[in-house]
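So you can see what is in the structure, the chains are spelled out below.
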Amino acid sequence: MNVLVTGGLGYIGSHTCVQLIEAGMNPILIDNLHNSKLAVLERIEKLVGTCPIFHQGDIRNKVFLFSVFAREKIDTVIHFAGLKAVGESVEKPLEYYDNNVNGTLVLMDTMRNAGITSIIISSSATVYGDSASVPIREDFPTFATNPYGRSKLMVEECLTDFQKANPGWSITLLRYFNPVGSHKSGEIGEDPQGVPNNLMPYISQVAVGRRKYLSVFGDDYPTPDGSGIRDYIHVVDLANGHLAALRKVSTMSGLHIYNLGTGDGTSVFEMVAAFSKASGKEIAYKVALRRLGDIAECWADPTKAYVELGWEATHSLDDMVMDTWRWQSNNPSGYPGN
């Protein structure tokens, strides 16, 4: 199977590429290198013994996309490309709507013109907003509390309408919870450009000495230790969720929606303690004000993915922090190059 992977050199895209190749599939990667580096290609080749096809460009560029679809034989698409930080989205809402919503619509239009009718979409648990209860099921109400979540919800609504008008399409919405960890080899991992917007890379950069301390945004939430609680999922488990969707529903027409999470919540302070134990480093932190758009707690009910896709997360919290530390300690400055 030839799988076009947008954002293929990014954190989740690169790990999914490795899993696809190991499963005998042929990924074709697109990336604009906004938050990734070409060095990732070399690392993928080192891990799997082959270098995937790569096209550098932006999915919002119709001419570029058309050229890729004209040149390559593509069976289905996995769409990762986009911006993904809650705090940044509050400061830069237009950029988020342009990248996440407009980029997806350009991609869908290009697929339609090329006659490709199967796509797996990177969505997010942020579409549930501040849920009234946890764990969160796929049939819970959706409501966004920040521009990032709203951009993902807009994409879901656009594609829901599109699938109704085009019932022969297979559209799969995978609602991620919080991806962390890295490949067990330490060769590929999360390498955000600039200041990290997510918890785990910030902790790991403090541990390796790149940053002085972690800012904990709020210790007064109605949770056991006052810090926010999230469902952290190992990135390899997440990548395998895409393989499960490819095998089970990518050739079945319809709109398919699944949570990808562990079903367990971990607080910020619990994650700090776990990483400190794994790395043997004290993680300095300071408590800061809550960020706009953040919520107290959020974790998944992943039952539907288990029943329908045969998928479940298998990596523990210890696996997540150990693999992250292996990546960061082996690559203290991230990937080489600009």
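The coordinates are above.
Computed from a predicted model, the values in this text were never measured in an experiment.

Participant: Which parts of the structure should I look at to understand the sheet that holds strand β14 (residues 297-298)?
Facilitator: Whether parallel or antiparallel, the strands of a sheet pair through hydrogen bonds between backbone atoms. Taking strand neighbours across the sheet as the criterion, the three strands line up as β12-β9-β14 in an open arrangement whose pairing is mixed. Since the sheet does not close on itself, it has two edges, and those belong to β12 (266-267) and β14, each with one partner. With two bridges connecting them, strand β9 (residues 229-230) and β14 associate as parallel partners. From the neighbouring strand, Ile-229 faces β14, where its bridge partner is Glu-297.

Participant: Sorry if this is basic, but what is going on with the nonpolar core here?
Facilitator: Burial of nonpolar side chains together is a common tendency in soluble globular proteins. The biggest cluster of nonpolar side chains holds 38 residues, and the ones touching the most others in it are Leu-20, Leu-29, Leu-260 and Leu-309. When contributions to this core are tallied by element, the ones reaching two or more residues are β1 (2-6), α1 (11-22), α2 (39-48), β6 (170-176), α8 (235-248), β11 (254-260) and α10 (303-309). No other element matches the seven residues that α8 contributes to this core. The contact partners of Leu-309, leaving out residues within four places of it in the chain, are Ala-244, Ala-245, Lys-248, Val-249, Tyr-258 and Lys-304. Membership of the second largest hydrophobic core comes to 26 residues, among which are Val-68, Phe-69, Met-111 and Phe-162.

Participant: Just to check I follow, could you spell out the side chain of Ser-170 for this structure?
Facilitator: With respect to the secondary-structure elements, Ser-170 resides in strand β6. Setting aside residues up to four positions removed in sequence, Ser-170 forms contacts with Thr-117, Ser-118, Ile-119, Val-249, Ser-250, Thr-251, Met-252, Ser-253, Gly-254 and His-256.

Participant: Is there a simple way to explain the pattern of salt bridges in this structure?
Facilitator: Note on pairing: side chains with opposite charge can pair once their charged atoms come close. In total, this model carries 13 salt bridges according to the counting rule given. In this structure, Glu-190 engages Lys-84 in a salt bridge whose closest nitrogen and oxygen atoms are separated by 3.6 Å. Placement of the pair is Glu-190 in the loop between β7 (178-180) and α7 (199-207) and Lys-84 in the loop between β4 (76-79) and α4 (86-91), with a sequence separation of 106 residues. With a closest N to O distance of 3.0 Å, Asp-139 and Arg-137 form a salt bridge. Using a relative accessible area of 56% as the deciding quantity, one classes Asp-139 as exposed. Residue class for Arg-137 comes out partly exposed when judged on its relative accessible area of 39%. One network of salt bridges, in which partners are shared, links Arg-43, Lys-46 and Glu-187.

Rules and cut-offs
Residues numbered from 1 in each chain as written. Predicted model: local features only at pLDDT ≥ 70, side-chain atom pairs only at ≥ 80, totals over all residues. Heavy atoms only, no water. Pairing = 2+ DSSP bridges. Helix = DSSP H or I, 4+ residues; strand = E, 2+ residues; numbered from the N terminus. Core = buried A, V, L, I, M, F, W, Y, C linked by side-chain atoms within 4.5 Å. Buried < 20%, exposed > 50% of the residue type's maximum accessible area, 1.4 Å probe, protein only. Contact = heavy atoms within 4.5 Å. Salt bridge = Lys/Arg side-chain N within 4 Å of Asp/Glu carboxyl O.

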